[in-house]
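# Notes for the structure review
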Amino acid sequence: MTHLLIFGLGYTAGRIAEAMRTRGWHVTATGSAGDLAFADRAAVLTALGAATHILSSVPPDRASGSDPVLDAYGAALKGRELFYLSSTGVYGDRAGAWVDEATPTIAQSGEGRRNARAEADLAWLTMGARVFRLPGIYGPGRSALDRVREGQARRIDLPGQVFSRVHVDDIVSGVVAALTQASPAEAYNLGDDWPCSGNEVTEHACRLLGLPLPPLETLEDANLSEMARGFYMENRRVANGKAKRVLGWMPRYPTYVEGLAALL
């Protein structure tokens, strides 16, 4: 039986686990929703020995910048079928330009502010993993619709600022495609077909819900957290053609319009 071991059974990885179980795979996982304690080394090594495929969704440690999975179990991962959920943040700020998997990451080019995710991304690629670079993730309970309903939506006045995003179900279909075929151990961008401003998505969500638009704020007046402010300081469009060509992946929700309609 094919056996998937997941490090970090969170929002996205939990849905990947469910999709693989429906395909008859045995799935074990660490994390609060999993059945393994990450610190139980003996149990994790036993699971690693039984696993045919290994997926990590664990981000780098914010304090140290290191990857917890590679630090703890890297030696046992060598030569295995590896899969890693990364971020399109590895590309850094591109002033609105398109990036694809041939675009050097911050870790590869040495340009831009230090990015622990980019270092982890490179480490997993070096280990021979399929690395999925993900933009802003939305889905049930985590979308512009929820933020508007809860009064948490923001509109930031940054003309020309664009982001890419992806519905969680489309991440699942992309990762499942890689898990179930002889996919090359390379990087893949999984984003939708329509990079655009966050304001555009928020405004559409307001129209769908019949609720007023939140006020337009300057970045200075918005009083954002350091993490959120860093997000707005980067501007890029993420191309997804490689995943379509190599994995045969096709997003079910090619833009936020289809994605929000399904969530509504």
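Check the entry above for the structure.
Residues numbered from 1 in each chain as written. Predicted model: local features only at pLDDT ≥ 70, side-chain atom pairs only at ≥ 80, totals over all residues. Heavy atoms only, no water.

Here we take up helix α8 (residues 198–209). The terminal C-alpha atoms of α8, which comprises 12 residues, lie 17 Å apart, in line with the 16 Å expected from a rise of 1.5 Å per residue. Taken together, the buried positions of α8 are N199, V201, T202, H204, A205 and C206. The inward-facing, buried residues of α8 abut α6 (144–149), β8 (155–156), β9 (165–167), β11 (216–217) and α11 (256–263). (Helix = DSSP H or I, 4+ residues; strand = E, 2+ residues; numbered from the N terminus. Expected span 1.5 Å × (residues − 1). Buried < 20%, exposed > 50% of the residue type's maximum accessible area, 1.4 Å probe, protein only. Contact = heavy atoms within 4.5 Å.)

A few words now on unusual backbone geometry. Most peptide bonds are trans, and most residues other than glycine sit at a negative phi. One non-glycine residue with positive phi stands out, namely A95, at about 55°. Note on A95: relative accessible area 66%, which makes it exposed. Located in the positive-phi region is N223, a residue other than glycine, with phi close to 55°. Along the polypeptide, N223 turns up in the loop between β11 and α9 (226–232). Note on N223: relative accessible area 69%, which makes it exposed.

A word on the nonpolar core. Side chains of a nonpolar character, in soluble globular proteins, are inclined to be buried together. Counting 29 residues, the largest nonpolar core has I6 and F132 as its most contacted members. Where this core is concerned, the elements lending two or more residues are β1 (3–7), α1 (11–22), β2 (26–29), β4 (82–87), β6 (130–134), α7 (168–179) and α10 (241–247). Broken down by element, the residue count for this core peaks at seven residues, all from α7. Residue contacts for I6: discarding those within four places in its chain leaves A13, A17, V27, T28, A29, T30 and L55. Counting 19 residues, the second-largest nonpolar core is a separate cluster that includes I54, V58, L70 and Y84. (Core = buried A, V, L, I, M, F, W, Y, C linked by side-chain atoms within 4.5 Å.)

What follows is about the state of the cysteines. Per the stated rule, a full pass over the model turns up zero disulfides. Among the cysteines around C196, which has no disulfide bond, C206 carries the closest sulfur, lying 14 Å off. (Disulfide = S-S within 2.5 Å.)

This paragraph deals with the pattern of salt bridges. Under the criterion given, the structure shown has eight salt bridges. Linking R133 and D121 is a salt bridge whose minimum nitrogen-to-oxygen distance equals 2.8 Å. Here the residue R133 occupies a position in strand β6, and D121 occupies one in helix α5 (residues 116–126), the gap between them amounting to 12 residues. The pair R133 / D121 is uniform in exposure class, with both members buried. The partner of E217 in a salt bridge is R154, and the shortest N-O contact between them spans 2.9 Å. Placement of the pair is E217 in strand β11 and R154 in the loop between α6 and β8, with a sequence separation of 63 residues. Residue classification places E217 among the buried positions, given a relative accessible area of 18%. In this structure R154 comes out as partly exposed when scored by relative accessible area, which is 31%. (Salt bridge = Lys/Arg side-chain N within 4 Å of Asp/Glu carboxyl O.)

This part covers the sheet that holds β4. The parallel open sheet is built from six strands, whose spatial order is β2-β1-β3-β4-β6-β10. Among the strands making up the open sheet, the edge pair consists of β2 and β10 (187–189). Within this sheet the neighbouring strands show an average axis-to-axis angle of 20°, counted without direction. Pairing geometry for β1 and β2, over four bridges, is parallel. Bridge assignment links L5 to a residue of β2, and that residue is T28. (Pairing = 2+ DSSP bridges. Axes fitted to C-alpha atoms, helices over the stretch in contact; angles between N-to-C directions.)

So, on to the environment of L134. Of note, L134 is situated in strand β6. Relative accessible area serves as the criterion here: at 6%, L134 is assigned to the buried category. Separated by 30 residues in sequence, L134 and S164 place their C-alpha atoms 8.8 Å apart. Every residue in contact with L134, bar those within four places of it in the chain, is listed here: L85, S86, S87, T88, I171 and L190.

Turning our attention to the packing of aromatic side chains. Applying the stated criterion across every chain, the model contains eight aromatic pairs. Residues F7 and F38 carry aromatic rings whose centres are separated by 6.0 Å and whose planes lie at 75° to one another, so their mutual orientation is edge-to-face. Linking F7 in strand β1 with F38 in the loop between β2 and α2 (41–50), this pair joins segments that are 31 residues apart in sequence. For F7, a relative accessible area of 0% gives the class buried. With a relative accessible area of 29%, F38 lands in the partly exposed category. Of the aromatic side chains, those joined through ring pairs into one cluster are F7, F38 and Y73. The side chain of R142 reaches across the aromatic face of Y11, ending 4.1 Å from its centre. (Phe/Tyr/Trp six-rings, centres within 6.5 Å; stacked < 30°, edge-to-face > 60°. Lys NZ or Arg CZ within 6 Å of the ring centre and 35° of its normal.)

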